[in-house]
Amino acid sequence: MASFGWKRKIGEKVSRATSQQFEAEAADEKDLAGDDDANWVHATKRRKEILLEDCVKKSKELKDEGADLAESRRYREAILKWDEALQLTPEDATLYEMKSQVLMSLHEMFPAVHAAEMAVQRNPRSWDAWQTLGRAQLGLGEIALAIRSFQVSLHIFPMNPEVWKEDLSWARKLHEQQKATKTESVQALVKAKELAQEPIPDYDFESDEIVAVCAAIAEKEKALSAAKTVVIVSASGTVETVTEKDNCPTTPDETLFIRAR
């Protein structure tokens, strides 16, 4: 029978120098792969930066085109330009603020308030966004909210005379008128309620004065009913007024032409 011995390991036939050369080549390939990964990440990041720069550039062009259209009162076209720009730069608060102004010019107050709120959310430090929001709220009848928005705008930019002298002053005047109107309405309602709750006076219908007045009215009515007035027109055209009494009626003669009461 043939005898079997232990098999040698594969690595035992590889020399030490060959093994070291293999390890060195593997390390070099690993470094090259790492460099390729780094280059790929850098290239991807650069492409994103270039794309973002292109979006910002295109958005600015659309914003300027919309502003020119708004100056020409072509408001709908301006909104379309700004909406297209917002697709490229959705965090641009200026686009929302400009859109809100145009919507107010179109008397679309709900969308105007929404656009101004979006502008404030994206840039809470924008005093003109707060001013536009206040004007939109004022157009919607929300006077108290408008006053608060104008106050925030002044807090950010205290030296703005337009907000101080025009917007906030006008809003406060409207607020005072609103309070006065509400006060008058409440007073009128209270007065009407008090009048409704007042008891009906308890008149004494059996008093001597009431009895005397009723008796006098009855006597007058009796006298009027006892006497009747007759207008007689004769054939010759003569008009004569005759008073008849129930107990002694007047009998006209044969010359009677027309008789009217």
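Residues numbered from 1 in each chain as written. Predicted model: local features only at pLDDT ≥ 70, side-chain atom pairs only at ≥ 80, totals over all residues. Heavy atoms only, no water.

By the naming in an unreviewed UniProt entry, the protein is TTC33 protein, taken from Pachyramphus minor.

Peer 1: Just checking my understanding: could you explain the pattern of salt bridges for this structure?
Peer 2: Should the charged atoms of two oppositely charged side chains come close, the side chains can pair. Inspection of the entire model under this criterion finds 10 salt bridges. Between Arg 76 and Glu 108 there is a salt bridge; the shortest N-O distance is 2.4 Å. Of the two residues, Arg 76 is situated in helix H2 (residues 75–88) and Glu 108 in the loop between helix H3 (93–105) and helix H4 (109–122); the sequence distance between them amounts to 32 residues. Classification of Arg 76 by relative accessible area gives partly exposed; the value is 48%. Shared partners join several salt bridges into a network, and the residues in it are Arg 135, Glu 162 and Asp 167. (Salt bridge = Lys/Arg side-chain N within 4 Å of Asp/Glu carboxyl O. Helix = DSSP H or I, 4+ residues; strand = E, 2+ residues; numbered from the N terminus. Buried < 20%, exposed > 50% of the residue type's maximum accessible area, 1.4 Å probe, protein only.)

Peer 1: Just checking my understanding: could you explain the packing of H2 against H3 for this structure?
Peer 2: The description of two packed helices rests on the angle between their axes and on the distance between the axes. With their axes 10 Å apart at the nearest point, H2 and H3 run at an angle of 160 degrees to one another. In terms of orientation, H2 lies roughly antiparallel with respect to H3. Judged by the twist between their axes, the crossing of H2 over H3 is left-handed. Contacts from Tyr 75, Ile 79, Trp 82, Asp 83, Ala 85 and Leu 86 in H2 reach Leu 95, Tyr 96, Met 98, Lys 99, Val 102, Leu 103 and Ser 105 in H3. (Axes fitted to C-alpha atoms, helices over the stretch in contact; angles between N-to-C directions. Parallel < 35°, antiparallel > 145°, perpendicular 65-115°, else oblique. Left-handed = near helix turned anticlockwise from the far one by under 90°. Contact = heavy atoms within 4.5 Å.)

Peer 1: Can you walk me through the environment of Gln 137 in this structure?
Peer 2: By the element assignment, Gln 137 lies in helix H5 (residues 127–139). For the pair Gln 137 and Ser 149, spaced 12 residues apart in sequence, the C-alpha separation works out to 8.7 Å. The contact partners of Gln 137, leaving out residues within four places of it in the chain, are Val 113, Glu 142, Leu 145, Ala 146 and Ser 149.

Peer 1: What exactly am I supposed to notice about the UniProt feature "repeat: TPR" (unreviewed entry) in the protein here?
Peer 2: With numbering matched to this structure, UniProt assigns "repeat: TPR" (unreviewed entry) to residues 59–92 and 127–160. Here residues 59–92 is 79% helix and 0% strand, with 9 Å between the C-alpha atoms at its ends. This span, residues 127–160, is 79% helix and 0% strand, and a straight line between its end C-alpha atoms measures 9 Å. (UniProt positions renumbered as here; feature names shortened; annotations may be inferred.)

Peer 1: Looking at this structure, I do not really get the environment of Pro 111. What am I missing?
Peer 2: Among the secondary structure elements, Pro 111 is positioned in helix H4. In this structure the C-alpha to C-alpha distance between Pro 111 and Ala 136, which are 25 residues apart in sequence, comes to 9.1 Å.

Peer 1: Explain the side chain of Asp 92 here, please?
Peer 2: Counting through the fold element by element, Asp 92 comes out in the loop between H2 and H3. Since its relative accessible area comes to 18%, Asp 92 is described here as buried. At 3.1 Å, the side chain of Asp 92 forms a polar contact with the backbone nitrogen of Thr 94. Residues within four places of Asp 92 in sequence aside, it is in contact with Lys 63 and Leu 86. (Polar contact = N/O pair within 3.5 Å; in protein donor to acceptor, adjacent residues only side chain to side chain.)

Peer 1: Could you clarify how one ought to interpret the packing of aromatic side chains in this entry?
Peer 2: Scanning the entire structure with this criterion turns up one aromatic pair. Taking the centre distance of 5.3 Å and the plane angle of 55 degrees together, the rings of Trp 127 and Phe 157 count as tilted. Of the two residues, Trp 127 is situated in helix H5 and Phe 157 in the loop between helix H6 (143–156) and helix H7 (161–197); the sequence distance between them amounts to 30 residues. Look at Trp 127 and you get partly exposed, because its relative accessible area is 28%. (Phe/Tyr/Trp six-rings, centres within 6.5 Å; stacked < 30°, edge-to-face > 60°.)

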